[in-house]
Amino acid sequence: MAKHPVPKKKTSKSKRDMRRSHHALTAPNLTACPHCQAKKLSHHICPSCGYYDGRQVLAV
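So, how was this worked out
Residues numbered from 1 in each chain as written. Predicted model: local features only at pLDDT ≥ 70, side-chain atom pairs only at ≥ 80, totals over all residues. Heavy atoms only, no water. Helix = DSSP H or I, 4+ residues; strand = E, 2+ residues; numbered from the N terminus. Salt bridge = Lys/Arg side-chain N within 4 Å of Asp/Glu carboxyl O. Buried < 20%, exposed > 50% of the residue type's maximum accessible area, 1.4 Å probe, protein only. Disulfide = S-S within 2.5 Å.

(A) The arrangement of the environment of A2 in detail. In this structure, A2 sits in the segment before α1 (13-19). When the C-alpha positions of A2 and H23 are compared, they lie 34 Å apart, and in sequence the two are 21 residues distant.

Structure below.
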């Protein structure tokens, strides 16, 4: 029978939570579209008007 590596000591709640401190999700950073003022992601086409970088790239 093969032997597995097993933790020698129990990981404390503090150590476990410190490891998970970077796991939180962040809300997307939305900006106002300069053409229609709708909320959109930066560096993406506006889903409501289809404009990007001052020109229409998508017919909506």
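(B) Fine view of the pattern of salt bridges. Tallied over the entire structure, the rule returns one salt bridge. Among the ionic pairs, D17 bridges to R16, the shortest N-O distance being 3.0 Å.

(C) Geometry of the environment of K9. With respect to the helices, strands and loops of the structure, K9 is situated in the segment before α1. You can call K9 exposed: its relative accessible area is 68%. Along the chain, K9 and R19 lie 10 residues apart, while their C-alpha atoms are 16 Å from each other.

(D) Structural context of the state of the cysteines. Under the defined criterion, the tally for this structure stands at zero disulfides. C33 takes part in no disulfide bond, and the closest cysteine sulfur to it belongs to C49, at a distance of 3.8 Å. C46 forms no disulfide, and the closest cysteine sulfur to it belongs to C49, at a distance of 3.6 Å.

(E) How the structure looks around unusual backbone geometry. Backbone geometry at Q37 places phi at a positive 65°, although glycine is not the residue there. Here Q37 falls in the exposed class, since its relative accessible area comes to 56%. Of note in the backbone geometry, D53 takes a positive phi value of approximately 55° without being a glycine. Examined against the element boundaries, D53 turns out to sit in the loop between β3 (51-52) and β4 (55-56). Taking the relative accessible area as the measure of exposure, D53 reaches 65% and is therefore exposed.

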